[in-house]
Amino acid sequence: MKGRDYLWCLTNTILDREEELERLCPGCRTGALEERCPACGRPVSDWEESRVNAAFDPDRFEKLRGGGQLD
């Protein structure tokens, strides 16, 4: 396949997805657009990893990111 063939397939895949979403009511469309686990369907917002990390130190992060030394 050539580059234009891949582009054609990608474009049509995106268009097909949009057509599927247009057929849904607004509530179902919102649910379909929400990021979810592909295995269990749990919303990403419920994942433990998506919560705020209490151990994260933003000041230390900024110092290290800028190449600074820690005290």
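Conventions adopted
- Residues numbered from 1 in each chain as written.
- Predicted model: local features only at pLDDT ≥ 70, side-chain atom pairs only at ≥ 80, totals over all residues.
- Heavy atoms only, no water.
- Phe/Tyr/Trp six-rings, centres within 6.5 Å; stacked < 30°, edge-to-face > 60°.
- Buried < 20%, exposed > 50% of the residue type's maximum accessible area, 1.4 Å probe, protein only.
- Salt bridge = Lys/Arg side-chain N within 4 Å of Asp/Glu carboxyl O.

### Observations concerning the packing of aromatic side chains
The geometry of an aromatic ring pair is captured by the separation of the ring centres together with the interplanar angle, meaning the angle of the planes.
Next up, step 1: Evaluated as defined, the whole model comprises one aromatic pair.
Next up, step 2: Where Phe56 meets Phe61, the ring centres are 5.6 Å apart and the plane angle is 50°; that geometry is what we call tilted.
Next up, step 3: Among the residues examined, Phe61 registers a relative accessible area of 39% and is labelled partly exposed.

### Topic: the pattern of salt bridges
Next up, step 1: Taken as a whole and assessed by the stated rule, the structure comprises two salt bridges.
Next up, step 2: In this structure, Glu34 and Arg36 form a salt bridge, with 3.1 Å as the shortest nitrogen-oxygen distance.
Next up, step 3: The exposure class assigned to Glu34 is partly exposed, which follows from its relative accessible area of 34%.
Next up, step 4: What makes Arg36 partly exposed here is its relative accessible area of 39%.
Next up, step 5: Ionic pairing is found between Arg65 and Glu62, a salt bridge with its closest N-O pair at 3.2 Å.

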